[in-house]
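# What the coordinates show
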Amino acid sequence: MRTGPIASQRFFLSRGLSTDSYLLNLMSDAIESVLHEDRLFAPAAEFSARANISSQAQYEAMWQRAKDDPTGFWGDLATKELDWFQPFEHVMEGDMPDTKWFTGGKINASYQCLDRHLKTARKNKAAIIWEGEPGDTRTLTYQQLHHEVCKFANVLQKLGAEAGDRITLYMPMVPELAIAMLACARIGATHSIIFGGFSADAIADRNNDAQAKLVVTADGGWRRGKEIPLKANVDKSLEKSPSVEKVVVLRRTGGDVDMVPDRDYWWHDLMEGESADHEAAQLDSEHPLFILYTSGSTGKPKGVLHTTAGYMLGAQMTTRWVFDLKDEDTYWCTADIGWVTGHSYIVYGPLANGATSVMYEGAPNWPDEGRFWEIIEKYRVNIFYTAPTAIRAFIKWGDQWPQKYDLSSLRLLGSVGEPINPEAWMWYHRTIGGERCPIVDTWWQTETGGIMISPLPGVTATKPGSCTMPLPGVVPAVVNEQGEPLGLNEGGLLVMTQPWPHMLRTLYGDHERFVDVYFGKFGGKYYFAGDGARRDKDGYYWVLGRVDDVINVSGHRLSTMEVESALVSHPLVAEAAVVGFPHELKGEGICCFVIPKGEIPADEAKKELIKHVREQIGALATPDQVRFTTALPKTRSGKIMRRLLRDIAAGKESAGDTTTLEDFSVLAKLREDTEG
Ligand code: WT7
């Protein structure tokens, strides 16, 4: 329970942050939210007028209908928006955790992305505009993409692949990755994409878990001018993954590879002379479309399984609603297809909408820090979707890079992956968006399949750092440990109270773990995402990060993300990671790892930052330690691994699993920078 606003709030409001930290929260298990952000950015009238969803009333009507009559809402959309070989009988069967959607229907995701567009003016429209890291480019129209996908579907079948088989794709960001995905979908094989940064052991684990029959890879991939030895990694993995019978190898870099006779085949040899006619398999709505492994906090990775019709409807509709996609748009999502963002928002969502999707192979700072902005200028990109970790890097690299390029084609910006710090949001808004582009901060997960909570760019007035409101069909709540709903401004656990078509169906091969991990906490009633959140006075959602990252300082449960945002609002700070460490008096103390914008400053600066956080948030959140560093441990998708920082803060050796770490040298560097 909270009392009213405080007198000093005005002072903090002027800086974009305020504090209500002194407010007593009587819920012992609630998370106290201390970050307060009151800047509001309403969409321009011209934007709203043209938007796919264009008014608050329209949004509310959709949302309410979807909540009260989910089968009517989703059933109508599925009938209208999906191409069926055979119509479904039931919109939804069962309840969480085990819901089935559009049962009795026959459908194909590849047909939904390709064939149906060939009967329209989209036939000769660019489906994929690809830019390689070395500067080579390719454009595939819908017709050309269809042609390649059909050929590769025939290739896969000749290699013995059948509907229901699992196929591992371990490839660079090249059009053939999208071609391979769609070819798998076309024959009903379930693809399991492994991000190109993973090691041979990680590939072997995933091959074994999925019992993959085929692997599609490339000789190598380009990353900052260096060749990543993809095929060599696959070779090593196959020593430990006996289920794999055959390997298809795309020639990308031209590097040397060992080809094992009767096991390994060149992509181009198999494709040569292959027929471009292929009839898409007529698959059940619940046919498994893909497995995507996501790291668990402990133990082996979780094979999140998505099925066909529900996932496709979710990907298609959320792309249209959130990115306001129009036929004339050039849309670019910078994610790697190795992550779910690339699955849903480079391939399936955009292509199902008949959009033009830009795909870039390489790093944002190759050959220099202007590469992304150069690509936007070159292709006149209209919609740009990236991650906060990238945005913080852009800020660190300096405004001179975006300023060198014409970014005036942009009309909409998106963010995904973690909470975006308000100051990073403001920079994105000003420097990239020219203060004219709405920003959609999209909250979702590998498990949710598509965006769940996000502004609608023509409707929602945005607040920096808030993912705002649930999309139609999404009914979240913020609850306490007992599952009781919390009031406005009370921080708690973010749950979903109703099923949605694009939710995961299981963890591959371990349904018990699926039920336990996502539904165990509230006895099967709610889907629990693992994130903390609060709703503000206007009902806006503010995600507070993973609940595992919450720290308990003198009995106050604080979100580390909010302390990080306070740090990042100081001009000295480029990036910050905050963790708790055992503290004799407070239970947990606050330890801040800080990457400065320039050189590592003198120790005085630490005091300055401690004072700053105290001013921004309140005495409660006064950091006990500030440690300057030049690097933070991150996963390959850019998430800070706070678990490893906790060990360092506590002076322990890291015991847990570090296989998902992007750069192993960071740990040693961090200890060197911050200890001693
Ligand atoms: C976790 C899911 C969703 C695709 C990429 C990551 C965090 C993601 C946001 C956001 C605050 C966010 C959550 C979530 N997250 N987007 N807009 N605001 N937090 O997929 O690897 O499955 O990670 O990322 O903590 O649970 P993922």
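Everything numeric here is computed off the predicted structure, so don't read it as measured data. Residue numbers here run from 1 along each chain, matching the order of that chain's written sequence. Totals for whole chains, interfaces and linings use all residues, but because this is a predicted model, local features are given only for residues with pLDDT of at least 70 and pairs of side-chain atoms are given and counted only at 80 or more. Side-chain calculation: all heavy atoms of the structure are included, whereas hydrogens and water are not.

By the criteria applied, helices consist of DSSP H or I runs no shorter than four residues and strands consist of E runs no shorter than two, each listed in order from the N terminus. Across its full length, the protein carries 21 helices and 30 strands. Across its three principal axes, the protein shows a C-alpha extent of roughly 75 × 55 × 50 Å. Working definition: with a 1.4 Å probe on protein chains only, accessible area under 20% of the residue-type maximum means buried, over 50% means exposed, and in between means partly exposed. Residue burial in the protein is summarised as follows: out of 676 residues, 65% are buried. Here, two residues are considered to be in contact whenever any of their heavy atoms come within 4.5 Å of each other. Across the protein, every contact between residues at least 6 apart in sequence was considered, and the portion connecting residues at least 24 apart equals 70%. Each accessible area value is a Shrake-Rupley result obtained with a 1.4 Å probe; residue values ignore everything except the protein chains displayed when judging cover. Here the protein displays about 24,600 Å² of accessible surface, and carbon together with sulfur accounts for 50% of that area. Of the side-chain charges in the protein, 71 are positive and 90 negative, and the distance between the mean point of each set is 2 Å. Within this scheme the basic residues Lys and Arg register as positive and the acidic residues Asp and Glu register as negative, but His and the chain ends are omitted. Working definition for charges: the position is that of NZ of Lys, CZ of Arg, CG of Asp or CD of Glu.

So, about the confidence of the model for the protein. Per residue, pLDDT measures the predictor's confidence, with a range of 0 to 100. For the protein, the mean per-residue pLDDT works out to 91, and 93% of the residues sit at or above 70. Ignoring residues within four places in sequence, the model shows residues 1-28, a span with pLDDT below 50, making 67 contacts including any to other chains.

This part takes up the side chain of H117. Within the secondary structure layout, H117 lies in the loop between α5 (109-113) and β4 (126-131). In contact with H117, other than residues within four places in its own chain, are Q112, R122, K123, Y142, L351, A352, N353 and G354.

Moving on, we come to the packing of aromatic side chains. Pairs of aromatic rings are described using the distance from one ring centre to the other and the angle between the two planes. When the centres of two rings from Phe, Tyr and Trp lie within 6.5 Å, Trp using its six-membered ring, the rings pair. Their planes under 30 degrees apart give stacked, over 60 give edge-to-face, and anything left gives tilted. Under the counting rule described, the total for this entry stands at 39 aromatic pairs. For the ring pair Y345 and W444, a centre distance of 5.1 Å and an interplane angle of 90 degrees mean the geometry is edge-to-face. Taken together, the residues span a long stretch of sequence, with Y345 in helix α12 (residues 340-352) and W444 in the loop between β20 (439-441) and β21 (476-479) at a distance of 99 residues. Residue class for Y345 comes out buried when judged on its relative accessible area of 0%. An aromatic cluster is present here, built from W332, Y360, F372, W373, F384, F394, W397 and W427 joined pairwise through their rings. Here the basic side chain of K463 rests over the ring of Y540, its NZ or CZ set 4.3 Å away from the ring centre. For a lysine, the NZ atom is tested; for an arginine, the CZ atom; a charge sits over a ring if that atom is within 6 Å of the ring centre and within 35 degrees of the ring normal.

Looking now at helix α4 (residues 70-81). Helical geometry: 3.6 residues make up each α-helical turn, so side chains three or four residues apart lie on a common side. A rise of 1.5 Å per residue sets the reference length of α4, with its 12 residues, at 16 Å; its end C-alpha atoms lie 16 Å apart and thus fit the reference within 8%. G72, F73, W74, G75, L77, A78 and E81 are the residues of α4 that are buried. To estimate the expected span of a helix, count its residues, drop one, and scale the result by 1.5 Å.

Turning to empty space enclosed by the protein, a few remarks are in order. Using only the protein atoms, space was sampled on a 1 Å grid; points where a 1.4 Å probe fits but cannot get out form cavities, open sets with protein on both sides within 12 Å along at least five of seven lines form pockets, and lining residues are those with an atom within 4 Å of a point. Grid points are joined across faces, edges and corners, and a volume is the space filled by probe spheres set on the points. Counted according to the given criterion, the structure contains 1 cavity of 30 Å³ or more. The space that makes up the largest cavity amounts to roughly 40 Å³. When residues are grouped by polarity, Ala, Val, Leu, Ile, Met, Phe, Trp, Tyr, Cys and Pro land in nonpolar, Asp, Glu, Lys and Arg in charged, and all others, Gly among them, in polar. Partitioned by chemical class, the residues of the lining of the largest cavity number 3 nonpolar, 1 polar and 5 charged.

Here we take up the sheet that holds strand β24 (residues 527-535). Strands were regarded as paired on the criterion that DSSP finds at least two bridges between them. Taken together, the 4 strands give an open sheet; going across it, the order is β21-β22-β24-β25, and neighbouring strands pair in antiparallel fashion. Looking at which strands have only one partner, the edges of the open sheet turn out to be β21 and β25 (541-546). Strand-to-strand, the axes of this sheet are offset by a mean angle of 45 degrees, without reference to chain direction. Note: β21 against strand β22 (residues 492-496), 4 bridges, orientation antiparallel. Note on β22: the bridge partner recorded for P476 is M496. In this analysis an axis means a line fitted to C-alpha atoms, helices contributing only their contacting stretch, and an angle means the value between N-to-C directions, from 0 to 180 degrees.

Any residue with a non-hydrogen atom lying within 4 Å of a molecule or strand is treated as near it. Of all residues adjacent to the ligand, which total 16 residues, the nearest are D441, T442, Q445, T446 and R546. Polar contacts, as used here, are pairs of N or O atoms within 3.5 Å; protein pairs need one atom able to donate a hydrogen and one able to accept it. Residues neighboring in sequence count only if both atoms are side-chain atoms. In this structure, a nitrogen atom belonging to the ligand sits 3.1 Å away from a main-chain N or O atom of G417. In this structure, a nitrogen atom belonging to the ligand sits 3.3 Å away from a main-chain N or O atom of P419. For the ligand, whose accessible area on its own is 550 Å², the fraction buried by protein is 90%. For the shell around the ligand, the secondary-structure elements that each account for two or more residues are α12 and β25. In the shell around the ligand, the residues fall into 6 nonpolar, 5 polar and 5 charged.

This brings us to the environment of A218. Relative to the elements of secondary structure, A218 occurs in strand β8 (residues 214-218). The exposure class assigned to A218 is buried, which follows from its relative accessible area of 0%. Excluding its chain neighbours within four sequence positions, the residues that come into contact with A218 are Y170, P172, L230, K231, V249, L250 and R252.

It is at 8 Å that the axes of helix α6 (residues 142-158) and helix α7 (residues 175-187) come closest, and there the two elements cross at 60 degrees. Comparing their axes, α7 and α6 come out oblique. In terms of crossing hand, the pair formed by α6 and α7 is right-handed. Contacts between α6 and α7 involve L145, H146, E148, V149, C150, F152, A153, L156 and Q157 from the first element and I179, A180, L182, A183, C184, R186 and I187 from the second. Orientation is classified from the angle alone, with under 35 degrees giving roughly parallel, over 145 giving roughly antiparallel, 65 to 115 giving roughly perpendicular, and any other angle giving oblique. Handedness of each helix crossing follows the sense of rotation of the near helix against the far helix: counterclockwise by less than a right angle gives left-handed, clockwise gives right-handed.

This part takes up the packing of helix α20 (residues 642-649) against helix α21 (residues 665-674). The N-to-C vectors of α20 and α21 enclose an angle of 40 degrees; their axes lie 11 Å apart at closest approach. As for the relative orientation of α20 and α21, their crossing is right-handed in sense. Packed against α20, whose contacting residues are L644, L645 and I648, the element α21 presents L667, L670, R671 and T674 at the interface. Among the residues forming the contact of α20 with α21, the class breakdown is 5 nonpolar, 1 polar and 1 charged.

This part covers the environment of T103. Take T103: it is sitting in strand β2 (residues 100-103). Excluding residues that lie within four positions of it along the chain, T103 makes contacts with F88, E89, H90 and E93. Engagement of the side chain of T103 in a polar contact is seen with the side chain of E93, the distance being 2.9 Å.

This paragraph deals with the pattern of salt bridges. Here, a salt bridge means any Lys or Arg side-chain nitrogen found within 4 Å of an Asp or Glu carboxyl oxygen. In this structure the tally under the stated criterion is 41 salt bridges. Where R65 meets D69, a salt bridge forms, and the shortest distance between an N and an O atom there is 3.7 Å. Residue classification places R65 among the partly exposed positions, given a relative accessible area of 34%. When its relative accessible area of 31% is taken as the criterion, D69 is described as partly exposed. Shared partners join several salt bridges into a network, and the residues in it are K231, D235, R263 and D264.

The 8 strands lie next to each other as β12-β11-β8-β6-β7-β14-β15-β23, forming an open sheet whose pairing is mixed. The open sheet has two edge strands with one neighbour each: β12 (264-266) and β23 (506-507). Looking at chain direction, β8 and strand β11 (residues 246-250) are connected through 5 bridges and run parallel. Across the sheet, V216 pairs through a bridge with V248, a residue of β11. Contacts from helix α8 (residues 200-210) reach β6 (166-170), β8 and β14 (288-294), with the element oriented near 140 degrees to β14. Of the strands in this sheet, β6, β8, β11 and β12 are in contact with helix α9 (residues 230-238), which crosses β8 at around 155 degrees.

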